[in-house]
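# Residue-level structure breakdown
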Amino acid sequence: MKIHEYQAKELFARHGIPVPRGEMAETAEKALAIAEMLGYPCVVKAQVHAGGRGKAGGVKLARNRVEAEQHIAAILGMNLVSQQTGPEGRRVRKLLIEQGLDIARELYLAILLDRERELPVIIASRQGGMEIEAVAREHPDAVFKMHVHPTTGLFPSHIRNLAFPLGLSRIQQQNFARLLTRLYDFFLQSDASLVEINPLIVTRGDDVLALDAKVNFDDNALCRQPAIAALRDIHEEEPLEVEASKYDLNYIRLDGTIGCMVNGAGLAMATMDIIKLAGAQPANFLDVGGGANAEMVENGFRIILSDPNVKGILINIFGGILRCDVLAEGVVKAAQKTGIKVPVVVRMEGTNVDAGRKILADSGLNLTPAVDLSDAAAKVAKMVGA
């Protein structure tokens, strides 16, 4: 789960991690009042779940009231388009108004999970304010990594081994050590999967602060983090994915034309691969799960049909825990309620497969059976003209 920058900074502040003074606003009037309270210069920052806001015109420095009014009016409500939003962009519904700071240096700092090593890894760089991927590609010697074992924790040696190559003075190292220690504790305690500060700034007064903040959390741990789960902003998520989450469906929208309904994540991935081999593109990942019931299948089918890009549907079910007759009942109910306007190919094998096929055959619906997965992919691709 992602959260906004202002939310991440509120969490940082509670954990003693230094951040600039600032507040969130949802109206132009409140935003201007915050700017007047903070004084000038101040920064007007769009709050969306995407990077590259500065390049997209979503971060502006206001040196006086007139500039603040201009920037607030321009950014609030804008459709911000960056590399991370895609061409459709994101509407800016919230602003973060922050104090301006006297910046001496910009650094990069992040903590994330190294899934290959199965350890948290701290990444730091002398070149902050840039995409870390670009820095690693163009200046690999400017990126430093430090793995930390969660059992032993963060040692002073870890901090020194990062602070020295960053070129920090003694007092800056002390401030950096306090920030990094608290940031690591926050990373563990909050079940975060990523904590990124870009840039981490050093002021001319030797303070070290998080000028930006990006935090992602492990969805599987939200059940034990209710305060963090409450920070979810569904306006920043794909509407169909939000709808699917209401029914415990694992759904991710893609940009193809073949809707997929599968039980099992591995089978779903294989189904998408075979659709591509057949010359078509999957419109979604949808794993209804092994324990799905007719209602879940019905809602999954309805959500697939809600995507206007879907020109055909491939249902691929291996009946184990989810019996084929249960799937068939759900598909028939959904199709009867919504109406089928696109071709549907069904491949079923496993428990109660004959009963499931009979339910589909007796439904009177225009459903095309398939012998196996390759046959199913080839048929649906041909039907949509791929």
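Up top is the structure these notes are about.
Now for a description of the structure that goes with this document. (Residues numbered from 1 in each chain as written. Predicted model: local features only at pLDDT ≥ 70, side-chain atom pairs only at ≥ 80, totals over all residues. Heavy atoms only, no water.)

## Describing the pattern of salt bridges
Here is the rule: Whenever a carboxyl oxygen of Asp or Glu lies within 4 Å of a side-chain nitrogen of Lys or Arg, that contact is scored as a salt bridge. By the criteria applied, helices consist of DSSP H or I runs no shorter than four residues and strands consist of E runs no shorter than two, each listed in order from the N terminus. Partly exposed residues are those whose accessible area sits between 20% and 50% of the maximum for their type, while under 20% is buried and over 50% is exposed, using a 1.4 Å probe and protein chains only.
This model, assessed by the stated rule, comprises 22 salt bridges. Here Glu69 makes a salt bridge to Arg65, at a shortest N to O gap of 3.5 Å. One end of the pair, Glu69, and the other, Arg65, are both in helix 3 (residues 65–75), four residues apart, so they sit about a helical turn from each other. With a relative accessible area of 37%, Glu69 lands in the partly exposed category. The partner of Asp102 in a salt bridge is Arg204, with the nearest N and O atoms 3.0 Å apart. Linking Asp102 in the loop between strand 6 (95–99) and strand 7 (103–114) with Arg204 in the loop between strand 10 (192–203) and strand 11 (208–210), this pair joins segments that are 102 residues apart in sequence.

## Here we look at the sheet that holds strand 6
Where we set the bar: A pair of strands is treated as paired once DSSP finds two or more bridges between them. Each axis is a line fitted through C-alpha atoms, taken for helices only over the stretch in contact, and angles between the N-to-C directions span 0 to 180 degrees. Contact criterion: two residues are considered in contact whenever any of their non-hydrogen atoms come within 4.5 Å of each other.
In space, the four strands of this open sheet follow the order 1-6-2-3, with antiparallel pairing throughout. Of all the strands in the sheet, the pair left with one neighbour each is strand 1 (22–25) and strand 3 (59–62). Direction aside, neighbouring strands of the sheet carry axes that sit 20° apart on average. Lying on the sheet, helix 2 (residues 28–38) is in contact with strand 1, strand 2 (42–46) and strand 6; it crosses strand 1 at an angle near 170°.

## Let's talk about the nonpolar core
To keep things clear, this is the line we draw: Residue types Ala, Val, Leu, Ile, Met, Phe, Trp, Tyr and Cys, when buried and joined through side-chain atoms within 4.5 Å, form a set referred to as a nonpolar core.
Membership of the largest hydrophobic core comes to 39 residues, with the highest contact counts inside it found for Phe12, Leu109, Phe176, Val215 and Phe217. Here the element with the most residues in this core is helix 6 (residues 170–189); it accounts for seven residues. Excluding its chain neighbours within four sequence positions, the residues that come into contact with Phe217 are Met1, Ile3, Leu11, Phe186, Ser190, Asp191, Ala192, Ser193, Leu222 and Ile228. Residues Ile313, Leu322, Cys324 and Leu360 belong to the second largest nonpolar core, which totals 33 residues.

## As for the side chain of Glu298
Checked against the element boundaries, Glu298 lands in helix 10 (residues 294–306). With sequence-adjacent residues up to four places away left out, Glu298 is seen in contact with Gly330, Lys333, Ala334 and Lys337.

## Side note on unusual backbone geometry
Of note, the bond from Tyr40 into Pro41 is cis; its omega dihedral lies within 30 degrees of zero at 0°. As for its position among the elements, Pro41 is in the loop between helix 2 and strand 2. The peptide bond linking Asn198 to Pro199 adopts the cis configuration, its omega dihedral lying at 15°. The phi dihedral of Glu118 falls on the positive side, at around 60°, and the residue is not glycine. Counting through the fold element by element, Glu118 comes out in the loop between strand 7 and strand 8 (119–125). Residue Asn352 is not a glycine yet carries a positive backbone phi of 60°.

Everything listed here is a matter of geometry and, on its own, says nothing about what the molecule does.
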